[in-house]
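Letter by letter, the chains look like this.
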Amino acid sequence: SQTTDQLSTFLESGIYRFESSNSVFFIDPVRVLNRSYARFRVSPSAYYSRFFESNGARDEPAATSTSSRKRKRKQKEKRPHTLNEREQIADQRHQEARPLLLKAHKALLEATDLLAVIRNLRSERCSSEGCQDLFLPSVEQSFVELASVWQAPLYEITLSFPPYREPTEGGGSPVVHSSEQRLIPVFNNLVVNETNKDVESEFLNSRYIIPRKSSFYMLCLTRFLWFLGFISWKSDLGKIRDLIPAASDCGFNLILVDPPWENSSAHQKLKYPTLPNRYFLSLPIKKLTHTEGALLALWVTNREKLRGFVEKELFPSWGVKYMATLYWLKVKADCILTSDLDLFHHRPYECLLLGYSHGEARNSECLSRFKPIPDNQVFISIPGDYSRKPPIGELLLEYVPGSKPARCIELFAREMLGGWTSWGNEPLHFQESRYFSRT
Ligand code: SAM
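Basis of the calculations
- Residues numbered from 1 in each chain as written.
- Predicted model: local features only at pLDDT ≥ 70, side-chain atom pairs only at ≥ 80, totals over all residues.
- Heavy atoms only, no water.
- Helix = DSSP H or I, 4+ residues; strand = E, 2+ residues; numbered from the N terminus.
- Polar contact = N/O pair within 3.5 Å; in protein donor to acceptor, adjacent residues only side chain to side chain.
- Contact = heavy atoms within 4.5 Å.
- Pairing = 2+ DSSP bridges.
- Axes fitted to C-alpha atoms, helices over the stretch in contact; angles between N-to-C directions.
- Parallel < 35°, antiparallel > 145°, perpendicular 65-115°, else oblique.
- Nonpolar A, V, L, I, M, F, W, Y, C, P; charged D, E, K, R; others polar.
- Buried < 20%, exposed > 50% of the residue type's maximum accessible area, 1.4 Å probe, protein only.
- Arc of directions from axis to C-beta.

Attention now moves to the side chain of threonine 325. Note on placement: threonine 325 falls in strand β15 (residues 320–330). A polar contact is formed between the side chain of threonine 325 and the side chain of tyrosine 322, at a distance of 2.6 Å. Leaving out residues up to four positions away in the same chain, threonine 325 has contacts with Arg307, Cys351, Leu352, Leu353, Asp375, Asn376 and Gln377.

Before going further, it helps to examine the sheet that holds strand β9 (residues 190–193). The sheet built from 11 strands is open, its strands ordered β1-β2-β17-β15-β16-β14-β13-β18-β19-β12-β9 with mixed pairing. If you trace the sheet from one side to the other, it starts and ends with β1 (15–17) and β9, each paired once. Mean inter-strand twist for the sheet, computed between neighbouring axes without regard to direction, equals 20 degrees. Alignment of strand β13 (residues 254–257) against strand β14 (residues 294–300), held across four bridges, turns out to be parallel. Of the residues in β14, the one forming a bridge with leucine 254 is leucine 295.

The next subject is the packing of helix α5 (residues 85–110) against helix α6 (residues 112–119). Pairs of packed helices are described in terms of their axes, by the angle between the two and the distance that separates them. One way to put it is that α5 packs onto α6 with a least axis distance of 6 Å and a crossing angle of 85 degrees. Our classification of the angle between α5 and α6 gives roughly perpendicular. Contacts from Leu108, Leu109 and Glu110 in α5 reach Thr112, Leu114, Leu115 and Ile118 in α6. For the contact of α5 with α6, the class distribution of residues is five nonpolar, one polar and one charged.

For α6, the full list of buried residues reads Leu114, Leu115, Val117 and Ile118. An end-on view of α6 places all buried positions within 165 degrees of arc, on one side of the element. Away from its buried face, by an angle of more than 90 degrees, α6 presents the exposed residues Thr112 and Arg119.

Turning our eyes to something else, we now look at the side chain of asparagine 193. Its place among the elements puts asparagine 193 in strand β9. A distance of 2.7 Å separates polar atoms of two side chains, one belonging to asparagine 193 and the other to threonine 195. Ignoring any residue separated from it by four or fewer positions in sequence, one finds asparagine 193 in contact with Phe161, Asp198, Val199, Ile210, Pro211, Arg212, Lys213 and Ser214.

Everything listed here is a matter of coordinates, which is why it stays silent on function.
Have a look at this one:
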């Protein structure tokens, strides 16, 4: 039957498309990410460190969501006394999104076969025998701190390539490469795994798993110079220019951006440094765009001031034409929303704005030839660690202009994916061996 097909497709791909609504999806990030690996698996228990009941103190079981602390917060936040002009616009946006989010959630709650799988996502074991979690280092590396010491430009990462058979075009006998170790500068340098195999790497006594056909560029922020006023954040963002392709026919067809927007919750928890909005204007999106154009996907918070900035200033300065909004709806393992849908400052959803970029080679006229993107699609998932976004690249591929395979880049990335370039000050963060098991 169709539902069995949907479920088996989900078990393989990690993406469930609801029969009742074509524009609603459920995503299991662990399955999606695992398609980038052969020798390693992303460990579900490490990914789903929140929102599952078996997880002690950090867990948020449904029963405690009505605790008095939360109830007070709800009462306080649900109806801010009088809405100012900006809050009214935000509320209007929310009222427009509300029915489609409720409809998406209803579709999820009705998919009983899927619900049974979701409940157990965290405890799923790797199917192959001898699958074991990798060594857990006692301290998590902070790349932002590491990058600020004076020796940072000298640090190197060791990539250990297994023996590798490279298929030749036209079906001739494959080229055989023996195993090899490469020592490569880790900061301000494009580190590439061009092979079809995931490789293990080592940096300062920690191990990182690098997916097949991927690369990363990790910024060294040289903050002590910044404090002294010798360099600015702007020149730091300027480092992205190293990624601008030399030949005009390359560049990227899919550009995913999750900026460190200033936001009270990021500040409070001090998980990563943030930047004022104006700095994002200097990101060279036009230059990164492929001559055949690019789909640009930008994560935004629900702050109305930010939405206004993106629509009126950021997209126009990047040469991006807004096309559609996608909603990421967050649920717990029991498929209840992570917070009340109407909480004013803690919405259980985030938005991904999609637009087409024509780049420097063409002008905006070419944009009308790109595929229309349906507005208001909803994808649902159980969030991973704090502010980690689900890997939605694959859902976007059908709208990506240009020839295949698409060239994809994520800016401000904290993880890597097969076929992608990851740029940021901590693209290795979720590649650490604690997040993986060996097959
Ligand atoms: N998409 C990521 C995920 O799902 O895990 C989260 C990205 S987070 C919103 C923003 C990232 O930008 C953080 O990793 C932060 O450290 C990084 N960042 C902050 N300032 C930066 C800068 N000046 N240059 C590059 N990256 C920066």
